[in-house]
Amino acid sequence: MAKIGDIDVGDFPLLLAPMEDVSDPPFRALCKEQGADVVYTEFISSEGLIRDAAKSVIKLDIYEKERPVGIQIFGANLDSMLRSVEIVEKTKPDVIDINFGCPVYKIAKKGAGAGCLRDLDMMQRMAETVVNAVDGIPVTAKTRLGWDDQSIKIREVALRLQSVGIKALSIHARSRSQKYKGDARWDYLKHVKETPGLDIPIIGNGDVTSPEDAKRMFDETGVDGVMI
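As the structure is a prediction and not an experimental result, all values here were calculated from the model. (Residues numbered from 1 in each chain as written. Predicted model: local features only at pLDDT ≥ 70, side-chain atom pairs only at ≥ 80, totals over all residues. Heavy atoms only, no water.)

A. Up close: the pattern of salt bridges. According to the stated counting rule, one finds 17 salt bridges in the structure shown. Here Arg67 ties to Glu64 by a salt bridge, and the two come within 3.1 Å at their closest N and O atoms. Here Glu64 falls in the exposed class, since its relative accessible area comes to 59%. A salt bridge links Lys193 to Asp224; the shortest N-O distance between them is 2.9 Å. Taken together, the positions of Lys193 in helix α8 (residues 186-193) and Asp224 in the loop between α9 (211-221) and β10 (225-227) put the pair 31 residues apart, joining distant regions of the chain. Since its relative accessible area comes to 27%, Lys193 is described here as partly exposed. Look at Asp224 and you get partly exposed, because its relative accessible area is 22%. The network of salt bridges with common partners includes Glu20, Lys55 and Lys59. (Salt bridge = Lys/Arg side-chain N within 4 Å of Asp/Glu carboxyl O. Buried < 20%, exposed > 50% of the residue type's maximum accessible area, 1.4 Å probe, protein only. Helix = DSSP H or I, 4+ residues; strand = E, 2+ residues; numbered from the N terminus.)

Dropping the structure here:
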């Protein structure tokens, strides 16, 4: 049985991906009814939270019937991330997730989202900062294979994040430069799962559009869960 921290998520966990303008409470409730084991909010800007921006704050709304539920945050500034975590903790999510994978230019160019893949030391510091700031809530992360095909270091990323206390890692099996084009490269998920010394759950993401795809990802890569 896979576990995220102390949370049992089953033998074949299916997770709803955090999606901007999609995974709001009604959509999450629908997916929960249809069998999602873990659901995530839309990603939330740390800068928006600390400035009490309505668009960011409203995304903190979570409900008992959707647990376990994760809140995902993103940012490029360590102090802002630290302050936003204090706000997020008050809503009592089951999981706090850090977005290290958003490929959108306006976010990545500031060093947030997938922009963190260009500075792995910074990514590790940010993850460690958030983990150390949180009391009793597992911290997870979502990322991509690398910035581009010349900088795929996903096994190193996984080990670095594990070393600072990240409890599970979701991997969209594309690089940032691919955005949402081309095929997701599931072979990298298998490589990560085979990394010596890596113990945290690895959640696969990308090109899962049917039940058969989800089963095939489990069988071919050995991931601990599938994010859809």
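B. Expanded view of unusual backbone geometry. In this model, Arg67 is joined to Pro68 through a cis peptide bond whose omega is 0 degrees. Tracing the sequence through the fold places Pro68 in the loop between α3 (54-57) and β5 (69-74). Of note, Asp52 is a non-glycine position whose phi angle comes to about 60 degrees, a positive value. Looking at the element boundaries, Asp52 is found in the loop between α2 (46-50) and α3. Here Lys179, not a glycine, exhibits a phi torsion of approximately 55 degrees, which is positive. Summarising the element assignment, Lys179 is placed in the loop between β8 (169-172) and α8. Residue Lys179 is classed as partly exposed on the basis of its relative accessible area of 39%.

C. Main features of the packing of aromatic side chains. Counting across every chain of the model gives 2 aromatic pairs. Note on Phe12 and Phe218: the rings are 3.9 Å apart at their centroids and 40 degrees apart in plane angle, and the pair reads as tilted. Within this pair, whereas Phe12 is found in the loop between β2 (7-10) and β3 (14-16), its partner Phe218 is found in helix α9, the two being separated by 206 residues in sequence. Since its relative accessible area comes to 11%, Phe218 is described here as buried. With 4.5 Å between their ring centres and 25 degrees between their planes, Phe43 and Phe74 make a pair best called stacked. Residue Phe43 is located in strand β4 (residues 38-45), and its partner Phe74 is located in strand β5; the two are separated by 31 residues in the primary sequence. Taken as a pair, Phe43 and Phe74 share a single burial class, namely buried. Here the guanidinium or amino end of Arg144 rests over the ring plane of Tyr180, the centre of that ring lying 5.0 Å away. (Phe/Tyr/Trp six-rings, centres within 6.5 Å; stacked < 30°, edge-to-face > 60°. Lys NZ or Arg CZ within 6 Å of the ring centre and 35° of its normal.)

D. Summary view of the nonpolar core. Ile73, Phe100 and Leu161 are the most contacted members of the largest nonpolar core, which has 54 residues in total. Per-element tally for this core: the top contributor is helix α6 (residues 120-133), with 7 residues. Apart from residues no more than four positions distant in its own chain, Phe100 is found in contact with Gly113, Ala114, Cys116, Leu117, Met123, Met126, Ala127, Ala141, Lys142, Thr143, Arg144 and Leu161. (Core = buried A, V, L, I, M, F, W, Y, C linked by side-chain atoms within 4.5 Å. Contact = heavy atoms within 4.5 Å.)

E. How the structure looks around the packing of α6 against helix α7 (residues 154-163). Orientation of α6 relative to α7, taken along the N-to-C sense of each, is 30 degrees, at an axis distance of 9 Å. In terms of orientation, α6 lies roughly parallel with respect to α7. Seen along the crossing, α6 lies across α7 with a hand that is right-handed. Residue-level inspection shows Leu120, Asp121, Met123, Gln124 and Ala127 of α6 in contact with α7, the latter providing Glu156, Val157, Arg160, Leu161 and Ser163. Its residues assigned to classes, the contact of α6 with α7 comprises 5 nonpolar, 2 polar and 3 charged. (Axes fitted to C-alpha atoms, helices over the stretch in contact; angles between N-to-C directions. Parallel < 35°, antiparallel > 145°, perpendicular 65-115°, else oblique. Left-handed = near helix turned anticlockwise from the far one by under 90°. Nonpolar A, V, L, I, M, F, W, Y, C, P; charged D, E, K, R; others polar.)

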